[in-house]
Amino acid sequence: MANEVMLWQAMNKAMDIEMAADNSIFTMGEDVGLYGGSYRVTEGLYAKYGEWRVRDTPISEGGFTGLGVGAAMVGMRPVIEIMTINFALLALDAIINMATKIPFMSGGQFPMPLVIRVPGGVAKQLAAQHSQRLEHTLMNVPGLRIAVPSTPQDAWWQLRQAIQSNEPVIVLEHELLYFSKGSLDTNLDPVPMHRALIRKEGDALTLISYSRSVLLAQQAAERLAEDGIDIEVIDLRSLSPIDWQTCIDSVSKTHHLLIVEEDCGFAGAGAEIAATLSERCFFELDAPVQRHTGLDLPTPYNGTLEAATIPTVSSIINAVKQLVQSGE
Amino acid sequence: MERSVLKSMLKDMLLARAFEEQAAYEYTQGNIAGFLHLYPGEEAVAVGVLHAAEPGDYIVSTYREHVHALVRGVPPGKIMAELFGRKDGCSGGLGGSMHLFDKQRRFMGGYGIVGETYPVSTGIAYAIAMRELPEAVICFFGDGAVNQGTFHESLNMAALWNLPILFVCENNRYQIGTEIHRHSKVTEVYKRACAYKIPAEQVNGMDVIEVYKATQSALLRIREGTGPQFLEIETYRLRGHSMADPGSYRPKVEVQAFKDEDPVTVMLQESLPEYPSAEQISAIGKDNIEHLSEHMHQADLISPEEFLRMKQQVADSVEQAVQYALQSPEPSMEEAFSALNCNRGQEVLI
């Protein structure tokens, strides 16, 4: 039965049910314990599971993310929370040089059931050092899986799937989504972790997006439908691997492709999606693939400027209209 | 100390020296490529520490780790094959000299990024502590690694949570080409551990018996629940940083330094790289193998005949290791991808 919950509650429930089922799971990060987590995802777990399984850490992102790597090598299932993606820059050695390289360079000897949960994205006037998206950096790392849930239901499924996986998984959580509501049915059979989902069907254009931008795209799609433009909205749900088949099938139907992402456009996730789908769907396309992305600019503190650096519902509507008309 | 332990340590030291010298030769023959960091001069550290460890303890090492793996019991052929990049290497030919792994022997890797051995060790130790097991982690690093952020982050967490780690600093006084007085304000590395209330001591790394005893008592304290311990073992590498850095300048620099010459000038004057001769090594009195073998001869713990026999056995096993490596095939691209996806299992991703 479905309940309306906030995304953080779905993740909190996912953590709880997994930790109850497997005592090799522990979570670690800044303020995840007594405080309950900056976005409440670990609320209540410290009291229930104790300090060894819910560990407040010093501010040492490189150190405790690397600790998760070492623990995963000997069969623990660490869930490391890095307070924001911006701080994860200090942990990139552990993520890129260690977590993804050890299973490979040992010739396949070691498990790496490591989950790294990272809030990120442009939130509300947090300024340049707290408003980044790093998916482009992480996508270029073979052996790293990246989940980008946009709904409570996906957050519930994907966090649990990430914890159960024996491979390193990064869960990129958008800071503005923790308190967004959606339905959660804990009895539903899970969708495979990296499969894309079509959020709205349509035949005028394929809009591919992920994380918070999908919600904006869905709102844009509803307004466009009122104008008689029926677009298809794909929520990728995963940036590595990417479910190409769902994308290709859609583009083969609509013949137009727009990619919407909050991250900077240059060498970003959208660049990979555009390149691959141009290669694989060239003869299906009626117009060049377009990207509608964040500006190539550090995020300004000023609220008006900040809002103008990333796609909005109305800017998405304009981008769709331009592309649909260009193909006519 | 028991005669059998001493003999076994001497044999491992001889094996370590012979193996590394052979590796240097194979590098010049083109059988080994890339970076090759050799251990001659430092044998007493790996041998003394690892002989005092239990089979249940975990070893985390650096990129100068062939000897740690050897002493841990990884067969010489598996290590040589790995240096050759062959399928039968201990990392399937995918890791190479800097990335030896042997899960079965709890040899948790050689790491190529300076300062990575600390977090790997704290992670393993966290798992041990959570499960309340009697095991310990031995974390190796060099003097050049103590200025890396992870050193301070990890020592703090290890002490804060009372993790069972023995931190072993192999202080060979050089971070690649930079001498310790030029890279650290505090050059007595063990003193840094007091910032984290970790008991620490300085050990003469030219004396394997001293290293063994210090390790034994540090591990005992860890198993008694005292928390992390720290040993700074003063040692000396006879070769350059890697085969890419023949570094013959360096022992000569030391020699010259004794004569009050400016080491920088001496370094610049050096043009032809060559390995230091036995005379040069003994002139600076820093060979740990001679130290142990002389001690054993004098105490009548080993006869000259047995010593020669031991050397021959060691030479034979190094030769066999080379043959094993030469006969092993190269890994396939398919094997490289299956190593990448080794933890995939039956999971349905999409």
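Reading guide: rules and limits
- Along each chain, residues carry numbers from 1 onward, in the same order as the chain's sequence is written.
- For naming, the first written chain is A and the first written ligand is 1, with later ones following in the order written.
- At least 70 in pLDDT is required for a residue's local features to be given in this predicted model, at least 80 for side-chain atom pairs to be given and counted, and no such filter applies to totals for whole chains, interfaces and linings, which use all residues.
- Counting from the N terminus, the helices are the DSSP runs of H or I reaching at least four residues and the strands are the DSSP runs of E reaching at least two.
- Using C-beta atoms placed from the backbone, we call a residue buried if 20 or more other C-beta atoms fall within 10 Å of its own, exposed if 12 or fewer do, and partly exposed for counts in between.
- A residue pair is marked as a contact if its C-beta atoms, positioned from the backbone, fall within 7 Å.
- For two strands to be treated as a pair, DSSP must find no fewer than two bridges joining them.
- Lines fitted to the C-alpha atoms define the axes, with helices restricted to the stretch that makes contact. Angles between their N-to-C directions range from 0 to 180 degrees.
- We define a nonpolar core as a collection of buried residues of the types Ala, Val, Leu, Ile, Met, Phe, Trp, Tyr and Cys that are connected via C-beta atoms lying within 7 Å of each other.
- Each domain span listed reflects an automatic or database assignment of domains.
- Place the viewer so that the strands point away; then a crossover is right-handed whenever the path from the first strand over the helix to the second strand goes clockwise.
- Classes in brief: Ala, Val, Leu, Ile, Met, Phe, Trp, Tyr, Cys and Pro nonpolar; Asp, Glu, Lys and Arg charged; the others, Gly included, polar.
- The handedness criterion is simple: a crossing whose near helix is rotated anticlockwise from the far helix by less than a right angle is left-handed, and one whose near helix is rotated clockwise is right-handed.
- Every residue gets a pLDDT, meaning the predictor's confidence in that residue, from 0 to 100.
- What a helix should span is 1.5 Å times the count of its residues minus one.

Draft legend 1. Region of interest: the overall build of chain B. Within chain B, the secondary structure is distributed over 14 helices and eight strands. In chain B, which comprises 350 residues, the proportion classed as buried is 51%. For chain B, contacts bridging at least 24 residues in sequence account for 74% of all contacts bridging at least 6.

Draft legend 2. Spatial organisation of the sheet that holds strand β3 (residues 137-142) of chain B. Residue and element names in this part refer to chain B. Reading across from one edge, β2-β1-β3-β4-β8-β7 is the order of the six strands in this open sheet, with parallel pairing throughout. A strand with exactly one partner marks an edge of an open sheet, and here the two such strands are β2 (107-110) and β7 (200-204). Taking the axes of each pair of neighbouring strands and ignoring which way they run, one obtains an average angle of 15° across the sheet. One ladder, built from two bridges, connects strand β1 (residues 58-61) with β2; its direction is parallel. Residue pairing for β2: serine 61 is matched across the bridge by glycine 110.

Draft legend 3. Looking closely at the sheet that holds strand β12 (residues 238-240) of chain A. Residue and element names in this part refer to chain A. Within the open sheet, the seven strands sit side by side as β3-β2-β4-β5-β7-β6-β12. Their pairing is mixed. Each of the sheet's edge strands pairs with one partner strand only, and the pair in question is β3 (54-56) and β12. Neighbouring strand axes in the sheet, compared pairwise and without regard to direction, differ in orientation by 20° on average. This element, helix α8 (residues 152-164), spans β2 (25-29), β4 (77-81), β5 (115-120), β6 (145-147) and β7 (169-174) of the sheet and lies at about 160° to β7.

Draft legend 4. How the structure looks around the nonpolar core. Counting residues in hydrophobic clusters, the biggest one holds 201 residues, and the most contacted among them are A:Val320, B:Ile124, B:Ile138, B:Cys139 and B:Leu166. The greatest single-element share of this core, amounting to 10 residues, is contributed by helix α1 (residues 3-28) of chain B. Here this core gathers at least three residues from each of two domains, domain 1 (2-185) and domain 2 (197-326) of chain A. B:Ile124 has contacts with A:Gly70, A:Ala71, A:Met73, A:Val74, B:Tyr58, B:Met108 and B:Val137, leaving out every residue within four places of it along the chain.

Draft legend 5. Here's a closer look at the pairing of β3(B). Residues and elements named next belong to chain B. Among the six residues of β3, six are classified as buried, and the element is accordingly described as predominantly covered. Side chains of β3 alternate between two faces, with Val137, Cys139 and Phe141 and Ile138, Phe140 and Gly142 buried alike. Inspection of the sheet shows β1 paired to β3 by three bridges, in the parallel sense. Counterpart to valine 60 in the pairing with β3 is cysteine 139. Direction of pairing for β3 relative to strand β4 (residues 165-171): parallel, over a ladder of six bridges. The residue bridging cysteine 139 from the neighbouring strand is phenylalanine 167, located in β4. What joins β3 to β4 is helix α6 (residues 149-160), and the crossover it makes is right-handed.

Draft legend 6. Structural context of the domain arrangement of chain A. Residues and elements named next belong to chain A. The domains assigned to chain A are domain 1 (2-185) and domain 2 (197-326). If you average the C-alpha positions of domain 1 and of domain 2, the two centres end up 26 Å apart. Elements that contribute at least two residues to the side of domain 1 that touches domain 2 include exactly α7 (135-139), β6 and β7. Of the residues contributing to the side of domain 1 that touches domain 2, the split by class is 12 nonpolar, six polar and four charged.

Draft legend 7. Focus on the interface of chain A and chain B. Counting residues at the interface gives 42 residues for chain A and 37 residues for chain B. Listed by contribution, the elements that provide at least two residues to the side of chain A that touches chain B are α3 (61-73), α5 (92-99) and α6 (102-105) of chain A. Top contributing element to the side of chain A that touches chain B by residue count: α3(A), with 10 residues. Within the side of chain A that touches chain B, the residues separate by chemical class into 23 nonpolar, 15 polar and four charged.

Draft legend 8. Layout of the packing of α1(B) against helix α12 (residues 288-298) of chain B. All names here are of chain B. Where α1 meets α12, the closest approach of the two axes is 10 Å, and the angle between their N-to-C directions is 145°. For the element pair α1 and α12, the recorded crossing hand is left-handed. Touching Leu6, Met9, Leu10, Met13, Leu14 and Arg17 of α1 are Ile289, Leu292, Ser293 and Met296, all from α12. Class assignment of the residues belonging to the contact of α1 with α12 gives a composition of eight nonpolar, one polar and one charged.

Draft legend 9. Region of the structure containing the confidence of the model for chain B. All names here are of chain B. The pLDDT averaged across chain B works out to 90; a share of 88% of its residues lies at or above 70. Considering only residues more than four positions removed or in separate chains, one finds that residues 255-274, a stretch of pLDDT under 50, has 20 contacts. Per the prediction output, this complex has pTM 0.94; the corresponding ipTM is 0.96.

Draft legend 10. Structural detail: the environment of B:Ala321. Mapped onto the elements, B:Ala321 comes out in helix α13 (residues 304-327). Note: C-alpha distance between B:Ala321 and B:Glu334 (13 residues apart in sequence) is 26 Å.

Draft legend 11. Expanded view of helix α5 (residues 117-131) of chain B. Residue and element names in this part refer to chain B. For α5, which comprises 15 residues, the first-to-last C-alpha distance of 21 Å matches the rise-based estimate of 21 Å (1.5 Å per residue) to within 8%. Of all 15 residues that make up α5, 13 are buried, and the element is covered over most of its length. Among the residues trailing α5, glutamate 132 stands out with phi positive, at a value near 55°.

Draft legend 12. Main features of the environment of A:Leu285. Residue position: A:Leu285 is located in the loop between α11 (269-281) and β14 (290-294). On a C-alpha basis, the gap between A:Leu285 and A:Pro119 in space is 35 Å, while along the polypeptide they are 166 residues apart.

Draft legend 13. Spatial organisation of unusual backbone geometry. A cis amide bond, omega -5°, links A:Ser240 with the succeeding residue A:Pro241. Looking at the secondary structure, you find A:Pro241 in the loop between β12 and α10 (244-254). Within the chain, B:Glu132 stands out as a residue other than glycine whose phi angle is a positive 55°. Among the structural elements, B:Glu132 can be located in the loop between α5 and β3. One non-glycine residue, B:Ile176, adopts positive backbone phi at about 50°. If you trace the backbone, B:Ile176 turns up in the loop between β5 (174-175) and β6 (178-179). The class for B:Ile176 is partly exposed, based on 14 C-beta atoms found within 10 Å.

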